Amino acid sequence: MTQKQNLHFIIMIFPYKRSLYISRLSFLLFLIAFIANPLIALAVTWAETEPAGDVYKEWWTIGSSTDGANLIAAVYGGRIYTSANTGTSWTERTPAGSADKNWEDVATDADGSNLMAAIWNGRLYTSANSGTSWTERQPLGDTTNGWTALASDSTGTKLYAAGFSSNIYISSDSGVNWTSSTTTSASWRAIASSTDGT
């Protein structure tokens, strides 16, 4: 996932069962270095970060605030972690209790305070305090779903959720109430939102 603002970006990659790597170069500096020597630019601009400690994990999805300071990362078959300092340190979060889950996707608003996370063949959760506490949300009622894609506007007010053989569901009140935006189901893989959700 990439976040850009004022010619700065943070790129995060999550190799299968590997560690997370973060780039903190500004876009302009990265571009200059890449033009001069692509191999050197790619080699020197990444830093390993270890949300779950010095172990390999199946990092599945990640989200970033606009400035890249607040991050959320999730493990498929594991836990969710947040960082408030660009990945220097991490805190484990437990939206579904202290248990490993198949976290399929996460989403964040512009400042990283409003978060959303979904479990494959499970439930959907939101947080309004950067992951400290979570609330289960039920776009489909009291049932599980194969959630695959989440998105948020810049304030965390307008949320989108979709899944495998599912409609797209929209909330305009931070996840309290949901409506279906499609009349036929499909296997959605990704969703994106504008800053105002329109």
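Criteria and cut-off values
- Residues numbered from 1 in each chain as written.
- Predicted model: local features only at pLDDT ≥ 70, side-chain atom pairs only at ≥ 80, totals over all residues.
- Heavy atoms only, no water.
- pLDDT = per-residue confidence, 0-100.
- Contact = heavy atoms within 4.5 Å.
- Phe/Tyr/Trp six-rings, centres within 6.5 Å; stacked < 30°, edge-to-face > 60°.
- Helix = DSSP H or I, 4+ residues; strand = E, 2+ residues; numbered from the N terminus.
- Buried < 20%, exposed > 50% of the residue type's maximum accessible area, 1.4 Å probe, protein only.
- Pairing = 2+ DSSP bridges.

Novice: Which parts of the structure should I look at to understand the confidence of the model for the protein chain?
Specialist: Regions with low pLDDT should not have their predicted coordinates read in detail. Overall, the prediction assigns the protein chain a mean pLDDT of 85, with 79% of residues at 70 or greater. Here residues 1-11 is modelled with pLDDT under 50, and outside its nearest four sequence neighbours on either side it reaches 37 contacts, counting other chains as well.

Novice: Got a minute to help me understand the packing of aromatic side chains in this structure?
Specialist: Both the distance between ring centres and the angle between the ring planes are used here to describe each pair of aromatic rings. Scanning the entire structure with this criterion turns up five aromatic pairs. Ring geometry for Trp-59 against Tyr-81: centres 5.8 Å apart, planes inclined by 65°, an arrangement best described as edge-to-face. Pair noted here: Trp-59 is in strand S5 (residues 59-64) and Tyr-81 is in strand S7 (residues 80-83), with a separation of 22 residues, a long-range link. The two residues Trp-59 and Tyr-81 agree in class, both being buried. When the ring of Trp-60 is compared with that of Tyr-76, the centres are 4.6 Å apart and the planes differ by 35°; the resulting orientation is tilted. In this pair, Trp-60 is assigned in strand S5 and Tyr-76 in strand S6 (residues 71-78), connecting sequence segments 16 residues apart. For Trp-60, a relative accessible area of 29% gives the class partly exposed.

Novice: Hey, could you run me through the pairing of S5 in this one?
Specialist: The two faces of a sheet get side chains in turn, since along a regular strand they alternate between them. With five of six residues buried, S5 is to be regarded as a mostly interior element. By the bridge criterion, five bridges tie S5 to S6 in an arrangement that is antiparallel. In the strand pairing of S6, Thr-61 is matched with Ala-74. Turn length for the S5-S6 hairpin, with the two strands adjacent in sequence and antiparallel, is six residues, and the turn residue Gly-68 shows positive phi of about 80°.

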